[in-house]
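A look at the structure
The lines below spell out each chain.
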Amino acid sequence: MEFDTKFEPHYGEAVPVADGLLRLTVNNPGPFTFHGTNSYILGTDTLAIVDPGPEDEAHYAALLKAIAGRPVSHIFVSHTHRDHSPLAARLKADTGALVLAEGPHRSVRPLRIGEINPLDASADTEFAPDHALADDELVQGDGWAVRAIHTPGHCANHVAFAIEDTGILLSADHVMAWATSIVAPPDGAMSDFMASLDRLATRDDAIYHTGHGGPVTNPRAFVRGLRTHRKMRERAILERLKAGDRTIPDIVTAIYRDTDPRLHGAAALSVLAHLEDLVARDLVAAEPEPSIDAVYRLA
């Protein structure tokens with residue numbers, strides 16, 4: 001799987017990426033955000049903002065500068081991680097726009113006994129949309145229309161936005177050119193992620209503009225590659241179990257040995273997501289049940 005890490009963020013500057021579509025990148029680089037979170041401004045007269053971003057004064061000032069006094073009718077939020085959704089409330093207060101998302105933040109499943117959600121700090125639990133978007137719902141704006149495509153996996157309430165009649169999909173964190181999306185229980189589920197990839201593979205979008213980094217310019221081939229990448233990771237986990245590994249830390253040490261150590265915690269959650277899926281498919285057994293600390297074996 002080849003990833004494209006070429007990207008110039010142009011912090012504070014609204015960059016045209018298509019007719020009537022601007023990208024504005026937050027200066028919040030990191031191992032999980034790459035160069036930063038991308039916000040998008042859609043329209044020419046009355047606007048929509050997609051993923052306004054985190055609470056960041058410089059980014060908010062740059063958003064207002066790019067809006068340039070034009071009315072904002074809609075604020076679309078792809079999911080409720082703190083690098084994407086918190087500025088929605090402030091932007092709504094200043095513009096009167098309608099906030100749309102799949103729903104409030106939630107986990108894919110309840111916490112198990114003794115389990116602590118390591119992702120709590122990244123969740124925007126205060127977010128509440130004005131309107132909950134149904135799957136495949138079409139929202140009409142001033143010279144644009146956006147279709148909501150539910151894509152759970154990275155997050156239970158993740159949704160991508162197709163800009164009708166343009167071939168553009170705003171894929172947020174579900175598919176990105178620079179790296180694979182993190183799927184980390186209990187926020188996300190590997191079975192959901194794979195099903196969402198399968199769904200996107202049936203579409204004929206020409207380009208994805210993403211939540212971090214640059215665009216995906218050959219979406220169908222890239223999505224197929226992502227699916228293959230995940231299946232290879234699944235096979236690697238099964239091979240480690242066959243070789244005698246019994247814990248997630250042992251598996252991570254073996255198959256993520258070339259990965260930035262700062263990402264090993266996320267890698268462990270990704271392995272857990274795969275193992276939860278493998279247990280559900282009766283290919284792996286867990287004692288006592290799937291968790292970071294469980295003992296695993298082939299079923």
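Everything below is about the structure shown above.
Rules used in this analysis
- Residues numbered from 1 in each chain as written.
- Predicted model: local features only at pLDDT ≥ 70, side-chain atom pairs only at ≥ 80, totals over all residues.
- Heavy atoms only, no water.
- Helix = DSSP H or I, 4+ residues; strand = E, 2+ residues; numbered from the N terminus.
- Contact = heavy atoms within 4.5 Å.
- Polar contact = N/O pair within 3.5 Å; in protein donor to acceptor, adjacent residues only side chain to side chain.
- Expected span 1.5 Å × (residues − 1).
- Buried < 20%, exposed > 50% of the residue type's maximum accessible area, 1.4 Å probe, protein only.
- Arc of directions from axis to C-beta.
- Pairing = 2+ DSSP bridges.
- Right-handed = clockwise from strand over helix to strand, strands pointing away.
- 1 Å grid on protein atoms, 1.4 Å probe; cavity = no way out; pocket = protein on both sides within 12 Å on 5 of 7 lines; lining within 4 Å.
- Points joined across faces, edges and corners; volume = space filled by probe spheres on them.
- Core = buried A, V, L, I, M, F, W, Y, C linked by side-chain atoms within 4.5 Å.
- Phe/Tyr/Trp six-rings, centres within 6.5 Å; stacked < 30°, edge-to-face > 60°.
- Lys NZ or Arg CZ within 6 Å of the ring centre and 35° of its normal.

Let us look at the environment of H105. Tracing the backbone shows H105 in the loop between β6 (98-101) and β7 (131-132). Counting along the chain gives 23 residues from H105 to A128, while the straight-line C-alpha distance between them is 8.2 Å. Once residues lying within four places of it in the same chain are set aside, the contact partners of H105 are T80, H81, A123, D124, T125, C155, N157 and D187. At 2.7 Å, the side chain of H105 and the side chain of T80 are in polar contact.

Another point: helix α3 (residues 190-201). Compared with the 16 Å implied by 1.5 Å per residue over 12 residues, the 16 Å span of α3 between its first and last C-alpha is a close match. Residues of α3 that are buried include every one of M190, F193, M194, S196, L197 and L200, and no others. Looking straight down α3, one finds that the buried residues subtend no more than 160° of arc, so they occupy a single side. Looking at the buried side of α3, the elements it contacts are β9 (145-150), β11 (168-172), β12 (207-210), α4 (219-243) and α6 (264-280).

The next point concerns the pairing of strand β5 (residues 72-76). Most of β5 sits inside the fold, with four of its five residues counted as buried. Where strand β4 (residues 47-50) lies against β5, four bridges are found, and the strand directions are parallel. The partner of I49 across the bridge, within β5, is I75. Taking the sense of rotation as the criterion, the β-α-β connection linking β4, helix α1 (residues 57-67) and β5 turns out right-handed. By the bridge criterion, three bridges tie β5 to β6 in an arrangement that is parallel. Pairing of H74 across the sheet is with L98, part of β6. Read as a crossover between parallel neighbours, the route from β5 over helix α2 (residues 87-95) to β6 is right-handed.

The next point concerns the layout of surface pockets. In this structure, the largest pocket occupies an estimated 910 Å³ of space. For the largest pocket, the lining is made up of 32 residues, of which F32, T180, I182, L263 and A266 are closest to its centre. The element that contributes the greatest number of residues to the lining of the largest pocket is α6, accounting for four residues.

For the rest of this paragraph, the subject is the nonpolar core. Judged by nonpolar contacts, the single largest core of 20 residues is most densely connected at I237, I248, V271, L275 and Y296. Elements with a minimum of two residues in this core: α4, α5 (248-255), α6 and β13 (284-287). Element by element, the count of residues in this core is highest for α6, at seven residues. When residues no more than four places from it in sequence are discounted, the contact partners of Y296 are L241, D245, R246, I248, L272, L275, V284, A285, A286, P290 and S291. Formed by 19 residues, the second largest nonpolar core is a distinct cluster that contains L24, I41, L47 and A101.

As a further point, take the environment of D258. By secondary structure assignment, the location of D258 is in the loop between α5 and α6. Expressed as a C-alpha distance, the spacing of D258 and F32, which sit 226 residues apart in the sequence, is 17 Å.

As a further point, take the packing of aromatic side chains. Evaluation of the coordinates by the stated rule reveals four aromatic pairs. Judged by centre distance (4.4 Å) and plane angle (10°), the rings of F34 and W178 are stacked. In this pair, F34 is assigned in the loop between β2 (21-25) and β3 (38-42) and W178 in the loop between β11 and α3, connecting sequence segments 144 residues apart. When its relative accessible area of 15% is taken as the criterion, W178 is described as buried. Among the aromatic residues, those joined into a cluster by ring pairs are F76, W144 and F161. We note R230 situated over the ring of F193; from NZ or CZ to the ring centre the distance is 5.1 Å.

Structural measurements only, silent on function.
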